[in-house]
Amino acid sequence: MSEAALQEEIGADKSLLLVDDDEPFLRRLAKAMEKRGFEIEMAGSVAAGKAIATARPPAYAVVDLRLEDGNGLDVVEVLREKRPDCRVVVLTGYGAIATAVAAVKIGATDYLSKPADATDITRALLSDGAALPPPPENPMSADRVRWEHIQRVYEQCDRNVSETARRLNMHRRTLQRILAKRSPR
């Protein structure tokens, strides 16, 4: 996409709030997004993100899900309240379906797993949601998806193997063997 076309697609309000507690990542992303034409404001915590969202609600936001002082979805809620048309992308290093659903229900436009590059984030911020996104270059294997699901249910059952096995309709020893192995790639 040419720079002129990108500027046109961003629109008149180019304000972008970046909320992440990973300082080096935050600086790199801010620099990359600035090159793409956005006007950046950065926050390293939920409190700072909520303060900026309240004082100067941006047109766009990229919010990390897990921050040192809380949950990034709290920032998304404030953004939705103060500026309903704000396009929000939630980033996380913990790609779980349940959190993706929660983020979208609260009002996130999209949800990306880290490491996400500036191109992916820009595409997510500017997508209209009508067309399906292109398939990922390196999707998770079926074994990995299965393992992620088992891990999520295991965590939801407070790491109780017997309860997890019952809910997954699986023998307890089979589940113990799966949990003892490393995650598939």
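None of the values given here were measured: they were computed from a predicted structure.

Each value, and the rule that gives it
- Position numbers for residues start from 1 in each chain and track the written sequence from start to end.
- Where totals are concerned, whole chains, interfaces and linings use all residues; where local detail is concerned, this predicted model gives features only for residues with pLDDT of at least 70, and gives and counts side-chain atom pairs only at 80 or more.
- Processing note: side-chain calculations cover all non-hydrogen atoms of the structure and skip hydrogens and water entirely.
- Counting from the N terminus, the helices are DSSP H or I runs at least four residues long and the strands are E runs at least two residues long.
- Only protein chains enter the accessibility calculation, which uses a 1.4 Å probe; a residue is then buried when its area is under 20% of its type maximum, exposed when over 50%, and partly exposed in between.
- In this description, contact between two residues means that some pair of their heavy atoms is separated by no more than 4.5 Å.
- Here the Shrake-Rupley method, with its probe set to 1.4 Å, supplies the accessible areas, and only the displayed protein chains count as covering residues.
- Each salt bridge in this description consists of a side-chain nitrogen of Lys or Arg and a carboxyl oxygen of Asp or Glu lying within 4 Å of one another.
- One requirement defines pairing of two strands: DSSP has to find at least two bridges between them.
- Between N-to-C directions, angles span 0 to 180 degrees; the directions come from axes that are lines fitted to C-alpha atoms, helices contributing only their stretch in contact.

Explain the overall build of the protein here, please?
Looking only at helices and strands, one finds nine helices and seven strands in the protein. Taken over 185 residues, the protein has a buried fraction of 38%. Counting contacts in the protein only where the partners sit at least 6 residues apart, residues at least 24 apart contribute 61% of the total. Carbon and sulfur atoms provide 50% of the accessible area of the protein, an area that totals close to 11200 Å².

How should I be thinking about the pattern of salt bridges in this particular structure?
A pair can form between side chains of opposite charge whenever their charged atoms are brought close. A full pass over the atoms with the stated rule returns eight salt bridges. For the salt bridge of Glu23 with Arg27, the shortest nitrogen-to-oxygen distance reads 3.2 Å. On the criterion of helical spacing, the pair formed by Glu23 and Arg27 is a turn pair, its members being four residues apart in helix H2 (residues 23-35). Owing to a relative accessible area of 44%, Glu23 belongs among the partly exposed residues under this scheme. Judged by its relative accessible area of 47%, Arg27 falls in the partly exposed class. Its salt-bridge partner being Asp85, residue Arg83 comes within 3.1 Å of it at the nearest N-O pair. Assessed through its relative accessible area of 17%, Arg83 is described here as buried. According to the relative accessible area criterion, Asp85 is exposed, its value standing at 54%. In this structure, a network of salt bridges that share partners links the residues Asp13, Arg83 and Asp85.

Can you help me understand the sheet that holds strand S3 (residues 60-64) in this one?
Pairing between sheet strands relies on hydrogen bonds along the backbone, with the strands arranged either parallel or antiparallel. The five strands are arranged S2-S1-S3-S6-S7 in an open sheet whose pairing can be described as parallel. Since the sheet does not close on itself, it has two edges, and those belong to strand S2 (39-43) and strand S7 (110-113), each with one partner. The mean angle between the axes of side-by-side strands here comes to 20 degrees, regardless of whether they run parallel or antiparallel. This element, helix H3 (residues 46-55), spans strand S1 (15-19) and S2 of the sheet and lies at about 140 degrees to S2. The strands touched by helix H4 (residues 73-82) within the sheet are S1, S3 and strand S6 (87-92), with S6 carrying the most contacts at an inclination of about 180 degrees.

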